[in-house]
Amino acid sequence: MKLSQVFRAAALATVAFGAGAARADAVEDFYGSHDITLVVSAAPAGGADIYARAFAPVFAKHMPGRPNVIVTNVPGASGLTAGSQLQSQTEPDGTTFTLLQSNNLYIPLIKKGQVPFDPREVDWLGSLSRERHVLVTWKTSGLKTFQDVLDAEEPVIIGATTLNQINGTLPELMRQALPDVPIKIVTGYQGTGEILLAMQRGEVAARSQSVTSLFAGSEAKYLETGELIPLLQLTRMGDPKLDGVPLVTDFVPPEIASNVFDFVFLPVAASRPFAVPKGVPEDRLAAMRKAFEDAAADPEFAEAMAKLNSETELLTGQEVADIVTRVYQTPDDTLDMFREFLN
């Protein structure tokens, strides 16, 4: 190589390095003067809120410019209120990201044209958990195991927010998959806290909730005292902390388990999915994704989760996007079967 070519290559490398450094400085300068809002698509004190509030300060630590991260709650429509707000009303400048819900990855597909949110039209930062769900009862219900539900002579009433939210979807699928079991779903509650009060008052006998909120939420003390009793794991792969509690797939017909239930279990693999609106500048989006992954791997966050008797399992933004792609490739016959169940 001629000497002039060497100088030219060196100059180009210097320019490229300088441009990259300038972009990094611009990102740091931006976040050094802007707060970030983390929107939680569920009510305070539940599993999602616990994750968000533990994660926010660690995420802030790994962001260029060390911005403040302010956590707010926008519950409603099983997370779709926050999803719609993120997609259509949020400025795509990198100052807002939202913790959505796993059902937000498939309900828009099931209800095409009826839901103002499309999980393909946001950019994903990642997910912090592969959540599992469990059916629980209150000590005064008379139920001690799921066999008591199977043997019940009167309908066992399960409280839920809506059938679109996972705490209603999974019990409703179970009810229809086990037509000879006397189960009734009552919806309309504003959150798991309201359903707990309904169980304590004897209005309902059971509810579905995440394993995280059972062991780490504000009501975990009731599990320790034996007042909350796990009956059935609403998952195909059980949680080690619930050893001895049976799986719903042990009871439902194999065809339904491998189609309808597995369709729901796929997005539940991304139980704590975080997203930003489309259009965030590439350098800021890259910084947020890196901070997300670094924070998820930070021992400080792991320690915070351990204190809550909970664990994290990182999925990258690309892995969440891949799950969305797989969900939208679901065969029509499975979708029709699922729609029939929900209807």
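Residues numbered from 1 in each chain as written. Predicted model: local features only at pLDDT ≥ 70, side-chain atom pairs only at ≥ 80, totals over all residues. Heavy atoms only, no water.

## A closer look at the side chain of serine 84
The condition that has to hold: A run of DSSP states H or I qualifies as a helix once it reaches four residues; a run of E qualifies as a strand once it reaches two. Both are numbered from the N-terminal end. Only protein chains enter the accessibility calculation, which uses a 1.4 Å probe; a residue whose area is less than 20% of its type maximum is buried, one above 50% is exposed, and one in between is partly exposed. Here, residues are in contact when the closest pair of their heavy atoms is within 4.5 Å.
Note on placement: serine 84 falls in helix α3 (residues 80–88). Given a relative accessible area of 13%, serine 84 falls into the buried group. Those residues in contact with serine 84 that lie beyond four places of it in its chain are Gln89, Pro116 and Phe117.

## Some points on the packing of helix α10 (residues 254–268) against helix α14 (residues 332–342)
When two helices pack together, you describe them by how their axes are tilted relative to each other and by the distance separating the axes. Definition in use: Where helices are involved, their axes are fitted lines through C-alpha atoms of the stretch in contact, as for all axes, and angles between N-to-C directions lie from 0 to 180°. In this scheme, roughly parallel covers angles under 35 degrees and roughly antiparallel covers those over 145, while 65 to 115 is roughly perpendicular and the rest are oblique. The nonpolar class holds Ala, Val, Leu, Ile, Met, Phe, Trp, Tyr, Cys and Pro. Asp, Glu, Lys and Arg form the charged class, and all remaining residues, Gly among them, are polar.
Packing of α10 against α14 leaves a shortest axis separation of 10 Å and a crossing angle of 85°. If you check the angle between α10 and α14, you find them roughly perpendicular. Residues Glu255, Ile256, Asn259, Val260, Phe263 and Val264 of α10 form the contact with α14, whose participating residues are Thr334, Leu335, Met337, Phe338 and Phe341. Grouping the constituent residues of the contact of α10 with α14 by class yields 8 nonpolar, 2 polar and 1 charged.

## Comments concerning the packing of helix α6 (residues 166–177) against α14
Axis separation between α6 and α14 bottoms out at 9 Å; the angle between their running directions is 95°. In this view, α6 runs roughly perpendicular relative to α14, as classed from their interaxial angle. Mapping the contact onto sequence places Thr169, Glu172, Leu173, Gln176 and Ala177 in α6 and Phe338, Glu340, Phe341 and Leu342 in α14. Tallied by class, the residues present in the contact of α6 with α14 amount to 5 nonpolar, 2 polar and 2 charged.

## Some thoughts on the sheet that holds strand β9 (residues 228–233)
One key point about sheets: their strands pair by backbone hydrogen bonds, in either a parallel or an antiparallel sense. To keep things clear, this is the line we draw: Here, a strand pair is defined by DSSP locating no fewer than two bridges between the strands.
Pairing within the open sheet is mixed, and its 5 strands lie in the order β7-β6-β8-β5-β9. The two strands at the open ends of the sheet, each matched to only one other strand, are β7 (183–186) and β9. Ignoring strand direction, the axes of neighbouring strands in this sheet form an average angle of 35°. Across 5 bridges, the pairing between strand β5 (residues 133–138) and strand β8 (residues 206–210) is antiparallel. In the sheet register, threonine 137 faces β8, and the bridge partner there is alanine 206. Of the strands in this sheet, β5, β6 (156–159), β7, β8 and β9 are in contact with α6, which crosses β7 at around 155°. Running at roughly 150° to β8, helix α7 (residues 192–201) makes contact with β5, β6, β8 and β9 of the sheet.

## Focus: the nonpolar core
Our working definition: Among buried residues, those of type Ala, Val, Leu, Ile, Met, Phe, Trp, Tyr and Cys that are joined through side-chain atoms within 4.5 Å constitute a nonpolar core.
The biggest cluster of nonpolar side chains holds 61 residues, and the ones touching the most others in it are Tyr106, Leu135, Met174, Val264 and Phe338. Once you skip the residues sitting within four places of it in the chain, phenylalanine 338 turns out to touch Tyr106, Ile110, Thr169, Leu173, Val260, Phe263 and Val264. Listed in part, the 35 residues of the second largest apolar core include Leu38, Val71, Leu99 and Ala295.

## Details of the sheet that holds strand β11 (residues 315–316)
Pairing within the open sheet is mixed, and its 6 strands lie in the order β2-β1-β3-β10-β4-β11. On the outer flanks of this sheet lie β2 (69–73) and β11, each paired with one strand and no other. Bridge count between strand β3 (residues 96–99) and strand β10 (residues 273–277): 2 bridges; the pairing is antiparallel. Paired with threonine 98 across the bridge in β10 is alanine 275. Its contacts with the sheet put α3 on β1 (36–40), β3, β4 (122–127) and β10, and the angle it makes with β10 is roughly 30°. In this fold helix α11 (residues 282–296) packs onto β3, β4, β10 and β11, with an angle of close to 20° to the strand it touches most, β4.

## What to know about unusual backbone geometry
Phi at arginine 66 is positive, roughly 50°, even though this residue is not glycine. Unlike most non-glycine residues, serine 78 shows phi in positive territory, near 55°. Its place among the elements puts serine 78 in the loop between β2 and α3.

## Overview of helix α12 (residues 299–307)
Within an α-helix, residues lying three or four positions from one another point in the same direction, as the helix has 3.6 residues per turn. Note the threshold: Here a polar contact is taken to be a pair of N or O atoms separated by no more than 3.5 Å, where protein atoms must pair a possible hydrogen donor with a possible acceptor and residues adjacent in sequence count only if both atoms sit in side chains.
Between the side-chain oxygen of the N-cap and the backbone nitrogen of glutamate 300 there are 2.7 Å, and the N-cap of α12 in question is aspartate 298. Looking one or two places after α12, you find asparagine 309, whose phi comes out positive at around 60°.

## Topic: the confidence of the model for the protein
Definition in use: Confidence of the predictor at the level of single residues is captured by pLDDT, which takes values from 0 to 100.
Of the residues in the protein, 93% reach a pLDDT of 70 or more, and the chain-wide mean stands at 90. Taken together, the stretch residues 13–20 has pLDDT below 50 and engages in 0 contacts with residues farther than four places along the chain or on a different chain.

## Points about the pattern of salt bridges
For clarity, the threshold we go by: In the sections that follow, a salt bridge refers to a side-chain nitrogen of Lys or Arg positioned within 4 Å of a carboxyl oxygen of Asp or Glu.
Within this structure, the stated rule accounts for 17 salt bridges. Across the salt bridge formed by arginine 339 and aspartate 336, the nearest N and O atoms sit 3.2 Å from each other. With arginine 339 and aspartate 336 both in helix α14 and 3 residues apart, the pair spans about one turn of that helix. When its relative accessible area of 23% is taken as the criterion, arginine 339 is described as partly exposed.

## Overview of the packing of aromatic side chains
Given two aromatic rings, their pairing is described by the distance between the two centres and the angle made by the two planes. Filter applied, for reference: Geometry of aromatic contacts follows a simple scheme: Phe, Tyr and Trp rings, the Trp one being its six-membered ring, pair when their centres are within 6.5 Å, and the pair is stacked under 30 degrees between planes, edge-to-face over 60, tilted otherwise. We call a charge positioned over a ring when the NZ of a Lys or the CZ of an Arg lies within 6 Å of the ring centre and within 35 degrees of the ring normal.
Inspection of the entire model under this criterion finds 14 aromatic pairs. Aromatic pair phenylalanine 261 and phenylalanine 265: ring centres 6.0 Å apart, planes at 50°, arrangement tilted. One end of the pair, phenylalanine 261, and the other, phenylalanine 265, are both in helix α10, 4 residues apart, so they sit about a helical turn from each other. Summarising the burial analysis for this pair, phenylalanine 261 and phenylalanine 265 share the class buried. An aromatic cluster of at least three residues, connected via ring pairs, comprises Phe55, Phe59, Phe97, Phe274, Phe292 and Phe301. Residue placement shows lysine 241 over the ring face of phenylalanine 215; its charged tip is 5.3 Å from the ring centre. In this structure, arginine 284 is placed above the aromatic ring of phenylalanine 30, and the distance from its NZ or CZ to the ring centre is 3.6 Å.

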